[in-house]
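Notes for the structure review
Take a look at the letters that make up each chain.
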Amino acid sequence: MGAHRGHLTGTDRVAECAERLPAGAYINVQGDEPFISPVAIEAVSEALEHLVPGTLAVNAYTELDDVGAVLNHNVVKVVVDAESNALLFSRQPIPYPRGDRPKYLRQLGLYGFTGTALSLFRHLPQGPLERTEGVEMLRFVEHGHGVRMLRVIDDGLAVDTPEDLARASMLLHSQPVR
């Protein structure tokens, strides 16, 4: 994830756009999620309309069944509380399976924000967890702001590595043209 002139993350870039294009809400589909489900995008949009006070963002997630993905550092995992708010994001397999076999949840690069949230995001400093993990939603979490996690059905392929790009290319070339 390279920083662009004055922008530490993609959300910082979206926040700058929001300053120039005022709206009530914004959806960010990260560039590494080219196959994200349109149904998932719609679900995040709908969830944005029903945020509880103190919650600034909606972030989609899906359940991980593949052990390889759980161990893959390019796949960001999230732990949620009983109300589906994000507690922690990590590239490590969290939670650690010491007792029961945990459910692993994959954070998707699909975010919904209020305009207020984006304005605040730009003015919050990166915390040590965000800098360490390279996961921008940690900026809200580290500063005590709610991130509502929304479970969606999405088996799309994220493109984070050259191997992912090769799989994506094969997938695109095997689909019929409409």
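A short tour of the structure in this document, coming up.

The rules behind these values
- Residues numbered from 1 in each chain as written.
- Predicted model: local features only at pLDDT ≥ 70, side-chain atom pairs only at ≥ 80, totals over all residues.
- Heavy atoms only, no water.
- Buried < 20%, exposed > 50% of the residue type's maximum accessible area, 1.4 Å probe, protein only.
- Helix = DSSP H or I, 4+ residues; strand = E, 2+ residues; numbered from the N terminus.
- Contact = heavy atoms within 4.5 Å.
- Polar contact = N/O pair within 3.5 Å; in protein donor to acceptor, adjacent residues only side chain to side chain.
- Salt bridge = Lys/Arg side-chain N within 4 Å of Asp/Glu carboxyl O.
- Core = buried A, V, L, I, M, F, W, Y, C linked by side-chain atoms within 4.5 Å.
- Patch = residues over 30% accessible without salt bridge, like charges linked within 9 Å, V, L, I, M, F, W, Y side chains within 5 Å.
- Areas by Shrake-Rupley, 256 points an atom, 1.4 Å probe, with all protein chains shown as cover.
- Pairing = 2+ DSSP bridges.

1. Quick notes on helix α1 (residues 10-20)
Residues of α1 that are buried: Gly10, Thr11, Asp12, Val14, Ala15, Glu16 and Ala18. For α1, the secondary structure elements touched by its buried residues are β1 (25-29), β5 (104-114), α4 (115-123) and α6 (138-142). Here α1 starts with a cap whose side-chain oxygen sits 3.3 Å from the backbone nitrogen of Thr11, and that cap is Thr9.

2. Examining the pattern of salt bridges
Any two side chains of opposite charge can pair, on the condition that their charged atoms come close. Enumeration over the complete set of coordinates arrives at five salt bridges. Salt-bridge contacts for Glu16 lead to Arg20; the nearest nitrogen and oxygen are separated by 2.6 Å. With a gap of four residues between them, Glu16 and Arg20 both fall in helix α1, about one helical turn apart. Given the relative accessible area of 19%, Glu16 is considered buried. Between Glu63 and Arg151 there is a salt bridge, with its nearest N and O atoms 3.4 Å apart. Of this pair, Glu63 sits in strand β2 (residues 55-64) while Arg151 sits in strand β6 (residues 146-151), and the two are 88 residues apart along the sequence. What makes Glu63 partly exposed here is its relative accessible area of 26%. Three or more residues are tied together by salt bridges with common partners; here these are Asp12, Glu130 and Arg139.

3. What to know about the nonpolar core
Grouped together as the largest cluster of nonpolar side chains are 24 residues, with contacts concentrated most on Phe89, Phe113 and Phe140. Elements with a contribution of two residues or more to this core: α1, β2, β4 (86-90), β5, α4, α6 and β6. In this structure, Phe140 is in contact with Leu56, Ala57, Phe113, Ala117, Phe121, Leu124, His145 and Val147, ignoring residues within four places of it in sequence. In this structure, Leu48, Val58, Leu110 and Leu150 belong to the second largest nonpolar core, which totals 11 residues.

4. Quick notes on a nonpolar patch on the surface
Residues Leu87, Leu88 and Leu129 make up a contiguous nonpolar surface patch of roughly 240 Å² in combined accessible area. Mapped onto the fold, Leu129 is located in helix α5 (residues 128-133).

5. Description of the pairing of β5
In terms of residue burial, β5 counts as a mostly covered element, since 11 of its 11 residues are buried. Because side chains alternate across β5, one face comprises the buried residues Tyr104, Arg106, Leu108, Leu110, Gly112 and Thr114, and the other comprises Leu105, Gln107, Gly109, Tyr111 and Phe113, equally buried. Looking at chain direction, β1 and β5 are connected through five bridges and run antiparallel. Looking across to β5, one finds that Asn28 is bridged to Tyr111. Strand direction decides the pairing type here: β2 and β5, joined by seven bridges, are antiparallel. Bridge pairing in β5 links Glu63 to Leu105. Relative to β5, strand β3 (residues 77-80) runs antiparallel, the two sharing two bridges. For Lys77, the partnering residue across the bridge sits in β5 and is Arg106.

6. Looking at the side chain of Asp12
Structurally, the position occupied by Asp12 is in helix α1. Taking the relative accessible area as the measure of exposure, Asp12 reaches 5% and is therefore buried. In terms of polar contacts, Asp12 uses its side chain to reach the side chain of Arg139, at 3.1 Å.

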